[in-house]
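Fold and contact review
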Amino acid sequence: MAGDTSGTPAARLALTLMCGTMMAGMPVSAMAQDSKVATPQTAAAAETPALPAKQDIIQSITVVGAQRLEPQTILSYIKLRVGQPYTEASADQALKDLAATELFSDYSVRNDSGKVVIQVTENPVINRIILEGNKRLKSDKINPEIKLAPRQIFTRSKVRADVARIIELYKRQGRFAATVEPKMVKLSQNRVDVVFEINEGPKSKVRQINIIGNTVFSDSKLRGEMVTKQARLTSFLSSNTSYDPDRLAFDQQKLRQFYLTQGYADFRVVSAVAELTPDKKDFIITYVVEEGKRYKFGDVKVDSQLRDFDSDRMTKNLSMKTGDWYNAKQVEDTVDSMTELAGTFGYAFADVQPEFTRNKDDLTMDVKFVIREAPRVYVERVDVNGNTLTQDKVVRREFRLAEGDAFNSLQVKRTTNRIKSLGFFQENFEVEQKPGSDPGRIILQANVEEQPTGELQLSAGFSSIESFILAGSIKQKNFRGRGQTVGASVNYSAYARSFQVSFAEPYVFDRNISAGLDLYRRDTNSFNYINTNRNTTYRQSTTGMSLRLGVPLTEYMSLIGSYTFNFDNVTLDQNTYFTDRTGSGVRTCDPLIAGRYLCEAIGSRTSSILGATVSYDATDSRYRPTRGLSAYITGEFAGLGGSVKYVRVRAKASRYWNVFNGFIFSLSAEGGHIIGLSDRGPGLDKVQLTDRFFLGEPQFRGFDIRGVGPRVLRQPIISDGNGNPVVVTDRNKVGDDAIGGDTYYLGRAELEIPLGSGAKSLGLRPSIFMDVGALFNVVAPQLQQSPFPGGTFIQSRDSSGNLLYIDPATNTTTTATSDGMGTTYLPAQTQIAAPFQEVFLGDTASPRVTIGIGVNWNSPFGPFRIDFAHSLRTAPGDKPKQFTFNVGTQF
């Protein structure tokens, strides 16, 4: 319900809107006192022949009952005037004139010996318009269609028109059972509230699609070619099951296009009828078709009138050959390719026309592609319109053509993709081509529509990697309309915290050189699992900066140089992993507790890194590509100062195809290798633990975070009850530490599945995938072991560092070594490690393989990704994980 009715239901009057009734439901006063009274009911009687009567001369005209209107205004609507004869015909005409104004609910004309009285009851004034019952169609969508408005005069014709418009709105939404009942609530001072009571009804679905006359293709095959679908339980996410007259016409075109691609050139749709069921809930659609005969290509040739194109050579290169089944889509694609080819030679207005000759005797179709003469075209002017914030130069520098250049359609297409990739304007942007001042000139226009480029995001989420997440970011991709990007972000979770500010300039000093600067702080907690409990192992804090500078090498390739400086500090919890085994009072990292590989990782270090990246991008979109190729290779050298020295190489390539009418298939491959340049000692890998590669969730679906590659398992040793040692191998009870690798590779194959427009509008994008990869190549760590039975012990100390002993008489600890009477106390001992053994696994290049399904959802509370994967091939030590999801982790 929209608004308040200001009255009880009993006070609400239904407005009867029957087309043939005038002022139905409203009282019409019978004010006639004698035979000289004219009312609407006597208007028809004026046309009945009557005997001549004595005519009165109008002596005066008085208006009675006017409230808002001046009497003179009312008299201006009629033709009665003082001094004229008063006749039945003139009185009837006055009544018709008053009715035509639609200002009065009751009116009459009375003559008393030349004294004429006009009696009127004015229509009420509308106080407000109220909508009730509209839930599926909001008031802000209905109100613009309503022509009635507050402070207007109420008229029944306008109410009828508004009812019809509201019903039409619901029909466009597929709700043909919707009804609208207008009601009127009377108020004081001759005012009314107009209430439209709406019963929206169910959405009218397509219950059945019948096809009559098809013999070559089945009903199900033809239904599959249509946009409209039958309502079934499996189609609840599709919006194409509702009836739409426009979609009905489009489906007829789809049927014709399908048959024409199969060679049936004479196919036609005889009729298409949509019948509404008696309950107005569903439609039954029936098509009657004539398939006709199937044709083959006959004589196919090219007739070029352009001097740059040789007709015979182009004929040999045609994709269709004589004897092939006729395909209208193939003809259309050939016309498009010829037009585009002519455009690359500067013929912007090339006219390619296919001429058909149908031979019904042998069922062949001759096709001649005529390329008509056209002048070479040059760019006369480049116009940029509609940019209210973005500076002209930001758009113009993306143009691949300038004033005076020869026209090239490929460069125009490239310009369109570059401007769309800026992300500043509408998604359906196209560079428009307009005729210039003469036939050899063309004007290129970029008619842009500015889109919001600032982003402020505050989100909370949950992921299987980082548990609860709080994140906030602010970013402006078009700072001050110069195309610059500035941003800041903060992320906080139970196991990671980060802060970053960044700035990027795509054109330094208006030259084709890009630059960027990042300042950041990242705190990360590494962890392992024991008994399904997540335990923090080491903490790494990184503070640093990164400076980038890029230049284009070609239209699609660029070179980016970078310099990065990081200060890293790796620590372990001293209360957990540090002991004083020597009795010196100094606590150090204990390899029996932490593992030698973790004790070797702790400490502070600086990294001074020079990098270079060569990237190639020929995709149709940087944000969500559907076709094209992208690739990069990055080389980094750490050692220009700092305490860390290594060489690292990484590379990745991705290819996208739009296949099967909306399906997007992609292949990607990536890999990396790092070589340490510092000798860290015998038996130690030259690469620090924190500089190695790690692989798993979310990069490698089907495995846990860091679930692939070299790792150390700490397996407890327990007694079997008879004093014999038993090694525990249950992964839920074993300490699991991933130590990374120096080399990795990862490949992905993914097919994104299109959904109906209803699911698409929700941002749902399901896919099936297969991932293949491995992480390997690390020096095997020195493994530890705590013997059985008993484990490993050290002598206990008090808070001052004094050794403690046990007094057997009282079973308490003391710093005394004896009782002074010959009894020596035993040293008090603390167990620092229960019996265990360590096993090194996973260092193999053998490929791990997973397959699965996933769904991306651009939810209102942030990006959502869910994956269900099954591992087909694993290696000893790997940690498969079937189900993963992440919410609110991307910005």
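The shown structure was predicted, so the numbers you read here are calculated from the model rather than taken from an experiment. (Residues numbered from 1 in each chain as written. Predicted model: local features only at pLDDT ≥ 70, side-chain atom pairs only at ≥ 80, totals over all residues. Heavy atoms only, no water.)

1. Section: the packing of helix α8 (residues 328-344) against helix α10 (residues 409-421)
Any two packed helices are characterised by how steeply their axes cross, that is the angle between the axes, and by the distance between the axes. Between α8 and α10, the shortest axis-to-axis distance is 6 Å and the interhelical angle comes to 95 degrees. In terms of orientation, α8 lies roughly perpendicular with respect to α10. Residues E340, G343 and T344 of α8 lie in contact with α10, whose contacting residues are S409, L410 and K413. Of the residues that constitute the contact of α8 with α10, the class distribution is one nonpolar, three polar and two charged. (Axes fitted to C-alpha atoms, helices over the stretch in contact; angles between N-to-C directions. Helix = DSSP H or I, 4+ residues; strand = E, 2+ residues; numbered from the N terminus. Parallel < 35°, antiparallel > 145°, perpendicular 65-115°, else oblique. Contact = heavy atoms within 4.5 Å. Nonpolar A, V, L, I, M, F, W, Y, C, P; charged D, E, K, R; others polar.)

2. Details of the sheet that holds strand β11 (residues 205-212)
Ordered in space as β11-β13-β12, the three strands form an open sheet in which the pairing is mixed. Every interior strand has two partners, whereas the edge strands, β11 and β12 (268-276), have only one. Going across the sheet, the axis of each strand differs from the next one's by a mean of 15 degrees, ignoring polarity. As paired strands, β11 and strand β13 (residues 282-290) are joined by seven bridges and run parallel to one another. By the bridge assignment for β13, I211 is matched with Y287. (Pairing = 2+ DSSP bridges.)

3. Focus on the side chain of R414
Inspection of the secondary structure assignment puts R414 in helix α10. Within the structure, R414 has its side chain in polar contact with the side chain of E555 (distance 2.8 Å). Setting aside residues up to four positions removed in sequence, R414 forms contacts with R400, E555, Y556 and D617. (Polar contact = N/O pair within 3.5 Å; in protein donor to acceptor, adjacent residues only side chain to side chain.)

4. Describing the pairing of β13
Pairing geometry for β12 and β13, over eight bridges, is antiparallel. Across the sheet, the residue bridging to V269 is V289, located in β13. Where β12 folds back onto β13 in an antiparallel hairpin, the turn is made up of five residues, including K280, whose phi is positive at roughly 60 degrees.

5. Notes on helix α2 (residues 88-101)
When the terminal C-alpha atoms of α2 are compared, their 21 Å separation across 14 residues agrees well with the 20 Å that a helix rising 1.5 Å per residue should span. Turning to α2, its buried residues are S90, A91, D92, A94, L95, D97, L98 and A99. Following α2 by one or two positions, E102 adopts a phi angle in the positive range, close to 55 degrees. (Expected span 1.5 Å × (residues − 1). Buried < 20%, exposed > 50% of the residue type's maximum accessible area, 1.4 Å probe, protein only.)

6. Section: unusual backbone geometry
With an omega of 5 degrees, the peptide bond running from E697 to P698 counts as cis. With phi around 75 degrees, R151 is a residue other than glycine that occupies positive phi space. Structurally, R151 can be placed in the loop between α3 (139-142) and α4 (156-172). R151 gets classed as exposed once you look at its relative accessible area, which sits at 74%.

7. Some remarks on the sheet that holds strand β18 (residues 432-435)
Strand order across the open sheet formed by three strands is β17-β19-β18, with mixed pairing between neighbours. For this open sheet the edge positions go to β17 (378-385) and β18, each flanked by a neighbour on one side alone. Strand-to-strand, the axes of this sheet are offset by a mean angle of 30 degrees, without reference to chain direction. Where β18 lies against strand β19 (residues 441-447), four bridges are found, and the strand directions are antiparallel. Across the sheet, the residue bridging to E432 is Q445, located in β19.

8. A few points about empty space enclosed by the protein
Inspection of every chain in the model, using the stated rule, returns one cavity of 30 Å³ or more. Reported here for the largest cavity is a volume of approximately 120 Å³. Lining of the largest cavity is provided by 15 residues; of these, Y597, E600, L684, R692 and P781 occupy positions nearest its centre. Taken together, the residues of the lining of the largest cavity sort by class into eight nonpolar, two polar and five charged. (1 Å grid on protein atoms, 1.4 Å probe; cavity = no way out; pocket = protein on both sides within 12 Å on 5 of 7 lines; lining within 4 Å. Points joined across faces, edges and corners; volume = space filled by probe spheres on them.)

9. Focus: the nonpolar core
Core analysis: the biggest nonpolar cluster contains 25 residues, and Y326, M338, F369 and I371 have the highest contact counts within it. Breaking this core down by element, the ones donating at least two residues are β14 (296-304), α8 and β16 (364-371). Broken down by element, the residue count for this core peaks at five residues, all from α8. Residues contacting M338, with those up to four places away along its chain left out, are V302, M314, L318, V352, F369 and I371. (Core = buried A, V, L, I, M, F, W, Y, C linked by side-chain atoms within 4.5 Å.)

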